[in-house]
Amino acid sequence: MSTSVPLVVRLLASSVSVAGRAGKIVRDVMSKGELGIVEKGKDDFQTEADRSAQRCIIASLTAQYPKINIIGEEDNPDNEGEVCNDWLTIDADKEILSLECPPFLQGVKEEDIVVWVDPLDGTSEYTQGALMLKRDPWERWKMYLTHPLISIKWYLSLLQSNYGFLEHVTVLIGISVNEKPVAGVIHQPYYKTLIGNEKMTGRTIWGLQEVGVGGFTPAPPPASLIITTTRSHSNPLVEKALQVMNAAQILRVGGAGYKVLQLLEGLASVYVFASPGCKKWDTCAPEAILNAAGGKLTDILGNNYKYGASVSRPNKTGVLAAVNADLHDYALNRIPQELKEKLANK
Ligand SMILES: Nc1ncnc2c1ncn2[C@@H]1O[C@H](COP(=O)(O)O)[C@@H](OP(=O)(O)O)[C@H]1O
Ligand SMILES: [Mg+2]
Ligand SMILES: [Mg+2]
Ligand SMILES: [Mg+2]
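Note that the coordinates shown come from a computational prediction; the quantities given were computed from them, not determined experimentally.

### Points about the environment of Arg21
Along the polypeptide, Arg21 turns up in helix H1 (residues 7-32). Judged by relative accessible area, which is 15%, Arg21 ranks as buried. Measuring from C-alpha to C-alpha, the distance between Arg21 and Lys306 comes to 28 Å, with 285 residues separating the pair along the chain. Apart from residues lying up to four places away in sequence, Arg21 is in contact with Cys56, Asp86, Trp87 and Thr89.

Structural data, given as C-alpha cells:
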C-alpha cells in the first residue's frame, strides 16, 4: 500500500477491508451453529462471533498501525492470543485509497488516533437469528427452551419475522482524531441484494468527514416523523422520551449501527434512546458516518460525546441522532427537562 496516501485515508481503507472479513467470521460462526454465548451482565451477552471478529479486526489493524490505540468491546484475554493467518487482513479498499484527504486530517499521526471497535453490534438479534435458521420447528422449540435471551413474546415475534433479525447485525469500526469521530465503517454481514442475476451477501458503508459517505445510496428523510429505537433494551425512560415525540411511527430495531443506517437510507428520521446502555464503540462509527452525511448524533441533552482513549466507555446520557440539524433540534426540544435531568443524575 502506498505510504504517500495520508494515514487516516489508509486506515479507513484497511478498516473497510477488515470489516468485511469480520463479517464473514460472523456468518461462519452462525453456520456452524455453536454460538458459545457468555453472559457479561444483565441483558448483555457475548458470542464466539463477537470474540473472533474482534480478534480479527484488532490483530489486522495492529499489524499495520502498531502505534494506534484500538479499543474493542469484548474484553477477553483471548484477544491477545494467536490469530490464524486466514483472519489477518492487510488489504485496503482501492476506492477509499483514491479519496482526497481533507486538509485538517492530512498531518494526523498514529498517536493522535483512537479506533473504537464493536465487532458485532446487535448481539441480541444475532443470537435470536440463530433460532430462525433451525428449519425444523421441533429443533427450533428445543433451542428456544435453552436460549438465555428469548422471552415467549420475542419467540412469537421471531416466528412472524421469517428470517429473524439478522439484518440488524453490523460490524462497527470508528476512527477518532483528537477525541472527535472523523471516519467510520458499518458493515452489514446479512444484507442481501441482487446485482444482475447474482445474489450478494453483505455490504459495507463508510464515511469520512468533509468527503462524504459511500457503499450505499443515501435517501431523503421520510415525509412524516419516523423514530427508530431499541427493540431489546427498553425501559420506562426510553418509552417516556418516545411518547413525547409525536411520531407517525416508531421502529424498534437492534443495534446502534443499524438504526443509523435507517436514518441514512430514509427509513427513519430520528434515533432516540433515553437511557444508559450504549458505549463509545456503539456510537463512534455511526456518528462519524452520520456527520459525513450531514446528520448529527449527541446525547439526550444535546452534548457531543468525546472519543479519546481515557473517556469512560458508557454513553450514560443516551443517544439522540437525526438526519439533519433541524430534526435534531426538534427532538431535543421535545424531551422534557425533567427527563434530561434524570439521565444526567443517574
Ligand atoms: N441496557 C443495556 N445493557 C447492555 N448493553 C446495552 C444496553 N442498552 C444498549 N446496549 C448496547 O447498545 C447497543 C445497541 O443496543 P440496542 O440494540 O438495544 O439499541 C448494543 O450493542 P451490542 O449488541 O454490540 O452489545 C447493546 O448491547
Ligand atoms: Mg455487546
Ligand atoms: Mg454494540
Ligand atoms: Mg457488540
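### Observations regarding the coordination of the magnesium ion (ligand 3)
Protein coordination at the magnesium ion (ligand 3) comes from Asp118 (OD), Asp121 (OD) and Asp282 (OD), with a distance range of 1.9 to 2.1 Å. Counting the intervening residues between successive donors of the magnesium ion (ligand 3) yields the motif D-x2-D-x160-D. Metal-to-metal, the separation of the magnesium ion (ligand 3) and the magnesium ion (ligand 2) is 5.1 Å. Of this pair, Asp118 sits in strand S4 (residues 113-121) while Asp282 sits in helix H9 (residues 280-292), and the two are 164 residues apart along the sequence. Grouping residues by exposure puts Asp118 and Asp282 together as buried.

### Quick look at the nonpolar core
Ranked by size, the top nonpolar core spans 53 residues in total, and within it Val26, Leu61, Ile113, Val115, Tyr126 and Leu208 carry the most contacts. Only H1, helix H2 (48-64), S4, helix H4 (123-133), strand S5 (170-177), strand S6 (180-195) and strand S7 (198-208) provide two or more residues apiece to this core. For this core, the leading source of residues is H1, giving 14 residues. Each residue touching Tyr126, except ones within four places of it in the same chain, is listed here: Val26, Val29, Met30, Leu35, Thr47, Ala49, Leu120, Leu166, Val169 and Tyr190. Core analysis: the next-biggest nonpolar cluster, separate from the first, contains 43 residues, Val244, Val319, Leu320 and Ala321 among them.

Rules of the game
- Residues numbered from 1 in each chain as written.
- Chains lettered and ligands numbered in written order.
- Predicted model: local features only at pLDDT ≥ 70, side-chain atom pairs only at ≥ 80, totals over all residues.
- Heavy atoms only, no water.
- Helix = DSSP H or I, 4+ residues; strand = E, 2+ residues; numbered from the N terminus.
- Buried < 20%, exposed > 50% of the residue type's maximum accessible area, 1.4 Å probe, protein only.
- Contact = heavy atoms within 4.5 Å.
- Donors = N, O, S within 2.8 Å, 3.2 Å for Na, K, Ca; no water.
- Core = buried A, V, L, I, M, F, W, Y, C linked by side-chain atoms within 4.5 Å.

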